[in-house]
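Architecture at a glance
As a plain string of letters, each chain reads:
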Amino acid sequence: MTASGASVRLLIVGPQGSGKGTQGVLVAQAFGVPQVATGDIFRSNVAGGTELGKRVQAIIESGDLVPDELTSELVRDRLSQPDAARGFLLDGYPRNQGQLDDLDEFLRSRGESLDAVIELIVPRDESIRRLHQRAVEQGRNDDTEEIIANRLAIYERETAPILGIYRDRGIVAEIDGVGSLDEVTARIFAALADRGILPDAPTAATA
Ligand code: ADP
């Protein structure tokens, strides 16, 4: 929530390995809104062996995108939960034009729209380096050489172009994602503050 008690609807976008998951959690916490990360939701369904998990497991393990229809329905359900009534931070959705259109339609039907899109900019080499490090540390089974290349190719082909649409709407905050975790966090909060988007009270991340 913001200083005025108003709602805040944010999206964080960046290539794999840009640190968007980590930064997204910090931003969502500061604003008191849920972080809605489609990749996390899919992975926990796979781990829990749910019906959804069984449907998406092979897709995720190959690094391809889950069909838009299924993903958009999942997000609509999640954003309809009471805890998202005053806002949310989306991470990993929308990821292509079809999903962007689905999200627009859903938000429009509720008289809502995105307030800002945080774009984390990280060069490809750095992004690949961080993914290899994460593969060693976390052992995510979609962090192999071949699958990383597939996910980055999909990002460049399908996800990067949707930023142009949000840029035309004037809501993209471009953030240099190279630097320490704290440096990048500070840049994000500064860019949001420039747009009049402020958390309720100072937190460890903003103080
Ligand atoms: P990364 O950004 O590192 O690829 P994520 O955790 O965001 O990791 O996503 C992991 C996987 O989950 C993706 O490779 C894809 O298979 C699936 N996924 C996540 N978000 C979406 C989405 N919006 N649309 C389709 N598939 C998705």
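Scroll up to find the structure.
Let us look at the structure shown here. No experiment lies behind these values; they were computed from the predicted model shown. (Residues numbered from 1 in each chain as written. Predicted model: local features only at pLDDT ≥ 70, side-chain atom pairs only at ≥ 80, totals over all residues. Heavy atoms only, no water.)

**Focus: the site of the ligand**
As a structural note, the neighbourhood of the ligand is formed by 19 residues, with Thr38, Asp64, Gly92, Gln99 and Arg151 the closest of them. Separating an oxygen atom of the ligand from a side-chain N or O atom of Arg140 is a distance of 3.2 Å. Take Arg151: an N or O atom from its side chain is 2.7 Å from an oxygen atom of the ligand. Taking 540 Å² as the accessible area of the ligand by itself, protein coverage stands at 96%. It is helix α2 (residues 38-48) that provides the largest number of residues to the shell around the ligand, a total of four residues. Its residues assigned to classes, the shell around the ligand comprises five nonpolar, seven polar and seven charged. (Near = heavy atom within 4 Å. Polar contact = N/O pair within 3.5 Å; in protein donor to acceptor, adjacent residues only side chain to side chain. Areas by Shrake-Rupley, 256 points an atom, 1.4 Å probe, with all protein chains shown as cover. Helix = DSSP H or I, 4+ residues; strand = E, 2+ residues; numbered from the N terminus. Nonpolar A, V, L, I, M, F, W, Y, C, P; charged D, E, K, R; others polar.)

**Considering the side chain of Asp143**
Tracing the backbone shows Asp143 in the loop between α6 (124-138) and α7 (145-168). In this view, Asp143 contacts Leu131, Arg134, Ala135, Ile148 and Arg151; residues no more than four positions away in its chain are not counted. (Contact = heavy atoms within 4.5 Å.)

**Quick look at the packing of aromatic side chains**
For the coordinates displayed, the defined rule picks out one aromatic pair. When the ring of Phe31 is compared with that of Phe189, the centres are 6.3 Å apart and the planes differ by 15°; the resulting orientation is stacked. One end of the pair, Phe31, is in helix α1 (residues 20-31); the other, Phe189, is in helix α8 (residues 181-194), with 158 residues separating them in the sequence. In this structure, Phe31 and Phe189 share a single accessibility class: buried. (Phe/Tyr/Trp six-rings, centres within 6.5 Å; stacked < 30°, edge-to-face > 60°. Buried < 20%, exposed > 50% of the residue type's maximum accessible area, 1.4 Å probe, protein only.)

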